[in-house]
Amino acid sequence: RGQRKATNIIARKYDELFLDNATVTTVASQIEYDLPAGTMGRRIEKIDLVLNTGTAWELRKINFHNVTRYENSTPTTRPAYYSQIKNKIMIYPKPSGGLSLRVWYSQ
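In this text, all values refer to a predicted model and were calculated from it rather than measured experimentally. (Residues numbered from 1 in each chain as written. Predicted model: local features only at pLDDT ≥ 70, side-chain atom pairs only at ≥ 80, totals over all residues. Heavy atoms only, no water.)

Student: Sorry if this is basic, but what is going on with the overall build of the protein here?
Tutor: Within the protein, the regular secondary structure consists of one helix and seven strands. Considered along the principal axes of its C-alpha atoms, the protein spans approximately 50 × 35 × 20 Å. Put simply, the protein has 107 residues, and 31% of those count as buried. Pairs at least 24 residues apart make up 61% of the contacts formed inside the protein by residues separated by at least 6 positions. Carbon and sulfur atoms form 48% of the exposed surface of the protein, whose accessible area is close to 6800 Å². Between the centroid of the 16 positive side chains of the protein and the centroid of its 9 negative side chains there is a distance of 6 Å. (Helix = DSSP H or I, 4+ residues; strand = E, 2+ residues; numbered from the N terminus. Buried < 20%, exposed > 50% of the residue type's maximum accessible area, 1.4 Å probe, protein only. Contact = heavy atoms within 4.5 Å. Areas by Shrake-Rupley, 256 points an atom, 1.4 Å probe, with all protein chains shown as cover. Lys, Arg positive; Asp, Glu negative; His and termini not counted. Charge placed at Lys NZ, Arg CZ, Asp CG, Glu CD.)

Structure follows, in structure tokens:
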């Protein structure tokens, strides 16, 4: 328990020590994705949308109270927001399939 508590304190102050990333590929019309395996304390630092050209766009984190503003019935090729609910990442507006998301997290 003590080691876990110390690690959490260090991770908050020096998050780059435990920083890692994973690539998540979107599925058409799916907004909910699992956190990468090994995510410590469910800490997502940021999410980037990586385009085929190599350009990355940072998705902005929003509070779950605001998600209804960004829900859309038509899938988009450039989602702009994400929220986190428990062990799930929610992407808004609904992404089209085959997009690459780079999820930065504390391990």
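Student: I would appreciate a short explanation of the sheet that holds strand 7 (residues 100-106) in the present structure.
Tutor: Here we have seven strands laid out as an open sheet, ordered 1-7-3-4-5-6-2, and mixed in their pairing. At either end of the open sheet lies a strand with only one pairing partner, and these are strand 1 (19-25) and strand 2 (32-34). Shown here is a sheet whose adjacent strand axes are inclined to one another by a mean of 30°, direction ignored. Two strands pair when backbone bridges link them, and strand 3 (residues 44-50) and strand 7 are joined in this way by six bridges, in the antiparallel orientation. Bridge pairing in strand 7 places K46 opposite W104. (Pairing = 2+ DSSP bridges. Axes fitted to C-alpha atoms, helices over the stretch in contact; angles between N-to-C directions.)

Student: Please clarify how helix 1 (residues 2-13) should be interpreted in this entry.
Tutor: A turn of α-helix holds 3.6 residues, and therefore any two residues three or four places apart point the same way. Between its first and last C-alpha atoms helix 1 spans 17 Å; for twelve residues at 1.5 Å apiece the expected length is 16 Å, and the two agree. Of all twelve residues making up helix 1, only one are buried, and the element is barely covered by its neighbours. (Expected span 1.5 Å × (residues − 1).)

Student: Where do I start with the nonpolar core in this structure?
Tutor: Burial of nonpolar side chains together is a common tendency in soluble globular proteins. I44, I47, L59, Y82, I89, I91 and L101 are the most contacted members of the largest nonpolar core, which totals 14 residues. Dropping the residues within four chain positions of it, Y82 is found in contact with I44, E45, K46, I47, L59, R60, K61, I62, I89, M90, I91 and Y92. Among the nonpolar cores identified, the runner-up in size contains six residues, and V67, Y70, Y81 and M90 belong to it. (Core = buried A, V, L, I, M, F, W, Y, C linked by side-chain atoms within 4.5 Å.)

Student: Looking at this structure, I do not really get the side chain of S96. What am I missing?
Tutor: For S96, the location among the structural elements is in the loop between strand 6 (88-92) and strand 7. Residue class for S96 comes out buried when judged on its relative accessible area of 17%. In this structure, S96 is in contact with T26, V27, A28, P75, T76 and T77, ignoring residues within four places of it in sequence.

Student: Hey, could you run me through the environment of W104 in this one?
Tutor: Looking at where W104 falls in the secondary structure, it is placed in strand 7. Taking C-alpha positions, W104 is 4.3 Å from N21, a pair spaced 83 residues apart along the chain. A polar contact is formed between the side chain of W104 and the side chain of D48, at a distance of 3.2 Å. (Polar contact = N/O pair within 3.5 Å; in protein donor to acceptor, adjacent residues only side chain to side chain.)

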